[in-house]
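Inside the fold
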Amino acid sequence: MTAVAVGGALIVLAGCGGSDKPVSTKADAKPTTSLRPSVPSSDMVKSTEAALALNQLLPGDDVNACYSEVQCDAAAVRIRDFVRDVQVAIVTEVGSDPYYQPLVDEAGAIMEEADAKQGTAAERRQDVYTKAQALDKKLKAIGLEG
C-alpha cells in the first residue's frame, strides 16, 4: 500500500494484482472541536420544567387557534411568556454555554416577534406558534423534556 499527497489530498494506493489503483481519497485532516455542553441536559431541572410547560401549552386551544385580534394577541403573548421561561431557565442554569446559546437566541427571536406589531395579530400568533413548535422539537431533541 502506498500513500501519496497530491494537491492537498491524500491518495491511498493499494497493491492489487500488480497494479496500483486509488482506493480512496481524503482531504487533509483538520482538527475539529465538537461542541459539548458544560452541563448535561439531565442536570437542568428548571430548564426541563420550563420546556415541559411549553410543550404542554402548545397543543392547547387557547394558543393553537384564535378567532379575534384580541385572542390572537393574547395567544402570542402567552406563548412568548412560556418561551421566556425556557430562555431564563437555560441562562440561569448554564450561563452563556455555547452549546445552548442557539436555543437562547432562538427564544429571544420568538419573543421579539411576539412583541412586534407587524402584520395582523393572527399572522403574528401563527408565526410565533410555528417557531415555538420548532423550538420545542429542539428542546426535546437534546433531552430537555425528560
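The following paragraphs examine the structure supplied in this document. (Residues numbered from 1 in each chain as written. Predicted model: local features only at pLDDT ≥ 70, side-chain atom pairs only at ≥ 80, totals over all residues. Heavy atoms only, no water.)

So, about the state of the cysteines. Enumeration over the complete set of coordinates arrives at one disulfide. Shown here is the disulfide that connects C66 with C72, its sulfur atoms set 1.8 Å apart. Between C66 and C72, the S-S dihedral sits near 85°, and the bridge is therefore right-handed. Across the pair, exposure class does not vary: C66 and C72 are buried alike. (Disulfide = S-S within 2.5 Å. Buried < 20%, exposed > 50% of the residue type's maximum accessible area, 1.4 Å probe, protein only.)

Taking 1.5 Å per residue, 15 residues should reach 21 Å; helix α4 (residues 101-115) reaches 21 Å between its end C-alpha atoms and fits that length. Among all positions of α4, only L103, V104, E106, A107, G108, I110, M111, E113 and A114 are buried. Structurally, α4 contributes buried residues whose contacts are with α3 (69-94) and α5 (121-141). (Helix = DSSP H or I, 4+ residues; strand = E, 2+ residues; numbered from the N terminus. Expected span 1.5 Å × (residues − 1). Contact = heavy atoms within 4.5 Å.)

Running from N to C, α3 and α5 cross one another at 30°; their axes reach a closest spacing of 9 Å. It follows from the interaxial angle that α3 and α5 lie roughly parallel. Pair α3 / α5 crosses with left-handed handedness. Along its contact with α3, which presents E69, C72, D73, A75, A76, I79, V83, V86 and I90, the element α5 presents A121, A122, R124, R125, V128, Y129, A132, L135 and L139. Residues of the contact of α3 with α5, tallied by class, amount to 14 nonpolar, no polar and four charged. (Axes fitted to C-alpha atoms, helices over the stretch in contact; angles between N-to-C directions. Parallel < 35°, antiparallel > 145°, perpendicular 65-115°, else oblique. Left-handed = near helix turned anticlockwise from the far one by under 90°. Nonpolar A, V, L, I, M, F, W, Y, C, P; charged D, E, K, R; others polar.)

Core analysis: the largest hydrophobic core is formed by 27 residues, its most contacted members being L54, I79, V83, I90, L135 and L139. Looking at this core, the elements that each hand over two or more residues are α1 (45-57), α3, α4 and α5. Considering every element that reaches this core, the biggest residue donor is α3, with seven residues. (Core = buried A, V, L, I, M, F, W, Y, C linked by side-chain atoms within 4.5 Å.)

Positionally, D136 belongs in helix α5. The side chain of D136 sits in the buried core without any salt bridge; K140 is the nearest counter-charge, 4.1 Å away. At 2.9 Å, the side chain of D136 and the side chain of N55 are in polar contact. Here D136 is in contact with A51, N55, L58 and E145, once residues within four sequence places are set aside. (Lys, Arg positive; Asp, Glu negative; His and termini not counted. Salt bridge = Lys/Arg side-chain N within 4 Å of Asp/Glu carboxyl O. Polar contact = N/O pair within 3.5 Å; in protein donor to acceptor, adjacent residues only side chain to side chain.)

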